[in-house]
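Commentary on secondary and tertiary structure
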Amino acid sequence: RERVFANMRQSHSDPSLYCDAAIASEEDLVTLHRYEKHCDKVKVGAPITYRSLGIPIYDKHADALVSLLHKIKADGVMTSTLKASRPESQCPETGGEGSALNVQQLTGVWLITFSFA
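A brief report on the enclosed structure follows. Predicted, not measured: the structure shown is a model, and the values here were computed from it. (Residues numbered from 1 in each chain as written. Predicted model: local features only at pLDDT ≥ 70, side-chain atom pairs only at ≥ 80, totals over all residues. Heavy atoms only, no water.)

Quick word on the overall build of the chain
Inclusion rule: Note on conventions: DSSP H or I runs of at least 4 residues are helices, E runs of at least 2 residues are strands, and numbering of each starts at the N terminus. This radius of gyration counts C-alpha atoms alone. The globule rule is 2.2 Å times how many residues there are, raised to the power 0.38. Here the term buried applies to any residue with accessible area under 20% of the maximum for its type, exposed to any over 50%, and partly exposed to those in between, with areas from a 1.4 Å probe on protein chains only. The method behind every accessible area is Shrake-Rupley, applied with a 1.4 Å probe, and residues are considered shielded solely by the protein chains displayed.
Looking only at helices and strands, one finds five helices and zero strands in the chain. Its helices and strands taken in sequence order, the chain reads α-α-α-α-α from the N to the C terminus. In summary, the chain has a C-alpha radius of gyration of 19 Å against a globular reference of 13 Å for 117 residues, an excess of more than 25%. Here the chain holds 117 residues, and the buried ones make up 10% of them. As presented, the chain carries roughly 10,400 Å² of accessible surface, and 58% of it is formed by carbon and sulfur atoms.

Considerations on the packing of aromatic side chains
Worth spelling out the cut-off: Only rings of Phe, Tyr and Trp enter the pairing, Trp through its six-membered ring, and a pair is recorded when the two centres are within 6.5 Å. The plane angle decides the type: under 30 degrees is stacked, over 60 is edge-to-face, the rest tilted. Look at NZ for Lys and CZ for Arg. If either is within 6 Å of the ring centre and within 35 degrees of the ring normal, a charge sits over the ring.
This model, assessed by the stated rule, comprises zero aromatic pairs. Above the face of the Y35 ring, R34 is positioned so that its terminal group lies 5.3 Å from the ring centre.

Some details on the state of the cysteines
The condition is simple: Note on terminology: pairs of cysteine sulfur atoms within 2.5 Å are recorded as disulfides.
The final tally for this structure, using the stated rule, is one disulfide. C19 takes part in no disulfide bond, and the closest cysteine sulfur, belonging to C39, lies 18 Å away. Assessed through its relative accessible area of 28%, C19 is described here as partly exposed.

Overview of the pattern of salt bridges
Inclusion rule: Within this document, salt bridges are pairs made up of a side-chain nitrogen of Lys or Arg and a carboxyl oxygen of Asp or Glu, the two lying within 4 Å of each other.
Under the counting rule described, the total for this entry stands at four salt bridges. Between E26 and K43 there is a salt bridge, with the nearest N and O atoms lying 3.8 Å from each other. Of this pair, E26 sits in helix 2 (residues 26–34) while K43 sits in the loop between helix 2 and helix 3 (59–74), placing them 17 residues apart in sequence. On the accessibility criterion, E26 (29% relative accessible area) is partly exposed. On the basis of relative accessibility, which here comes to 48%, the residue K43 falls in the partly exposed class. The salt bridge partner of D40 is K41, with a shortest N-O separation of 3.3 Å.

Observations concerning the side chain of K41
Tracing the backbone shows K41 in the loop between helix 2 and helix 3. Under the relative-accessibility criterion, K41 is labelled buried at 9%.

Some points on unusual backbone geometry
The phi angle at E36 is positive, at roughly 55 degrees, despite the residue not being glycine. Position of E36 relative to the elements: it lies in the loop between helix 2 and helix 3. One non-glycine residue, H38, adopts positive backbone phi at about 55 degrees. Topologically, H38 is positioned in the loop between helix 2 and helix 3.

Digging into a nonpolar patch on the surface
Here is the rule: Residues forming no salt bridge and having over 30% relative accessible area are the ones grouped into patches, like charges within 9 Å of each other and nonpolar side chains (Val, Leu, Ile, Met, Phe, Trp, Tyr) within 5 Å.
Residues I55, I57, L65, L68 and L69 make up a contiguous nonpolar surface patch of roughly 460 Å² in combined accessible area. Here L68 shows up in helix 3. With a relative accessible area of 43%, L68 lands in the partly exposed category.

Notes on the side chain of S25
Counted only if it meets this: In what follows, residue pairs with any heavy atoms lying within 4.5 Å of each other are defined as contacts.
Turning to its location among the elements, S25 is positioned in the loop between helix 1 (3–6) and helix 2. Apart from the residues within four sequence positions on either side, S25 is in contact with R1, F5 and R51.

Keep in mind these numbers describe shape, not what the thing actually does.
Written as structure tokens, this is what we have:
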């Protein structure tokens, strides 16, 4: 899961091996930052999709479980637990905005995006 970040280089001489931007999981980047890896990479923009998993529940217990999950969500327990479990970045703080990508650097990202559309 680290490979997409390893193939991103701001300065490179071989565009067939390295890229300037990528579509990747935010969770992977947060985890890598926790271990001081790939600190030169940042998230830009909002997620384009979310993954969803389902677990079958026996009908007799489904209503009670759904009620419990709605109560936990309404009380803010889920949000606070997710925030508390998010790993803290060990990357050094850098101030200000990064440099913008130019059209040539974004060409690959746009080609992939439009091919899925």
